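Descriptive analysis of the structure
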Amino acid sequence: MSRPLTFPLRNGKWYVAQGGGGRLNHHATFPEQRGALDVIQIGPGGARARGTGLRRENESFLVYGQRLYAPCDGTVVSAADHLDDQEPGTVRYQPPYGNHVFIDTGAEIVKLAHLRRGTVAVRTGDRVHAGQLLGEVGNSGNSTEPHLHIHAERDGLGLDLQFTGVTGPLCRGRTVRT
């Protein structure tokens, strides 16, 4: 990364469900996603709201509907907002990113994916600034349950993500508090 990003989720305890090296990150087999993270929210009972048990609705996941903010300044080079969220446990493989926002910083492309239908607040061509509301976390695209997918790439190669105020490696099992 040319400069650290701002963590795109606020006011919570965020768990890196996928991230890190090849054995810790299923994204690592795709060169452009080598440093990708899948982030969920956790609370006292794990990833789901208390009292929801094993229910398979998107709303039972704490991360679902959480506001997502731009991690950097740049220009939106792709945005989609028309795909339905799917039921957790089912996978619709195409399009892989589902509802998304891709931001060109001038040095890399930052991709945020699996957003909630009807919440994307920016359009292709918009100039965005770090901290600006982009939408909400959802469960669209190639996704088995609600989460935020984020990665950055330069010339088709994935980059290791760095966030302001977050030290140490970002790998599966890491918790970030904001």
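Fair warning: this is a prediction, and the values are worked out from it, not measured in the lab.

The phi angle of most residues is negative, glycine excepted, and most peptide bonds adopt the trans form. Backbone geometry places N11, a non-glycine residue, at a positive phi of 50 degrees. By the element assignment, N11 lies in the segment before strand 1 (13-18).

For the coordinates displayed, the defined rule picks out two aromatic pairs. Between F7 and F163, the ring centres sit 5.0 Å apart and the planes meet at 70 degrees, which makes this aromatic pair edge-to-face. In this pair, F7 sits in the segment before strand 1 while F163 sits in the loop between strand 10 (157-159) and strand 11 (175-177), placing the two residues 156 residues apart along the sequence. Here the two residues F7 and F163 agree in accessibility, since each one is buried.

Below, the discussion takes up the layout of surface pockets. Empty space within the largest pocket amounts to approximately 420 Å³. Around the largest pocket sit 18 residues that line it, and H26, H27, D38, H114 and N142 are the ones nearest its centre. Looking at the lining of the largest pocket, the elements that each hand over two or more residues are strand 1 and strand 2 (37-41). Classifying every residue of the lining of the largest pocket gives five nonpolar, 10 polar and three charged. Here the second largest pocket is characterised by a volume of approximately 170 Å³.

We now examine the nonpolar core. With 32 residues, the main nonpolar core has L161 and F163 as its most contacted residues. If you list the elements that add at least two residues to this core, you get strand 1, strand 2, strand 5 (99-104), strand 6 (109-115) and strand 9 (148-154). If we ignore the near neighbours within four places in the chain, the residues touching L161 are M1, L5, G35, L37, I150, H151, A152 and L170.

Scanning the model with the defined rule gives five salt bridges in all. One salt bridge in this structure joins D160 and R34, with 3.1 Å as the shortest N-O distance. Taken as a pair, D160 in the loop between strand 10 and strand 11 and R34 in the loop between strand 1 and strand 2 lie far apart in primary sequence, 126 residues in all.

Residue placement: S140 occurs in the loop between strand 8 (133-136) and strand 9. Assessed through its relative accessible area of 0%, S140 is described here as buried. Within polar-contact distance, the side chain of S140 engages the backbone nitrogen of N99 at 2.9 Å. Residues contacting S140, with those up to four places away along its chain left out, are L83, D84, D85, R92, Y97, G98, N99, H114 and L115.

Thresholds applied
- Residues numbered from 1 in each chain as written.
- Predicted model: local features only at pLDDT ≥ 70, side-chain atom pairs only at ≥ 80, totals over all residues.
- Heavy atoms only, no water.
- Helix = DSSP H or I, 4+ residues; strand = E, 2+ residues; numbered from the N terminus.
- Phe/Tyr/Trp six-rings, centres within 6.5 Å; stacked < 30°, edge-to-face > 60°.
- Buried < 20%, exposed > 50% of the residue type's maximum accessible area, 1.4 Å probe, protein only.
- 1 Å grid on protein atoms, 1.4 Å probe; cavity = no way out; pocket = protein on both sides within 12 Å on 5 of 7 lines; lining within 4 Å.
- Points joined across faces, edges and corners; volume = space filled by probe spheres on them.
- Nonpolar A, V, L, I, M, F, W, Y, C, P; charged D, E, K, R; others polar.
- Core = buried A, V, L, I, M, F, W, Y, C linked by side-chain atoms within 4.5 Å.
- Contact = heavy atoms within 4.5 Å.
- Salt bridge = Lys/Arg side-chain N within 4 Å of Asp/Glu carboxyl O.
- Polar contact = N/O pair within 3.5 Å; in protein donor to acceptor, adjacent residues only side chain to side chain.

Interpretation in functional terms is not warranted from these geometric data alone.
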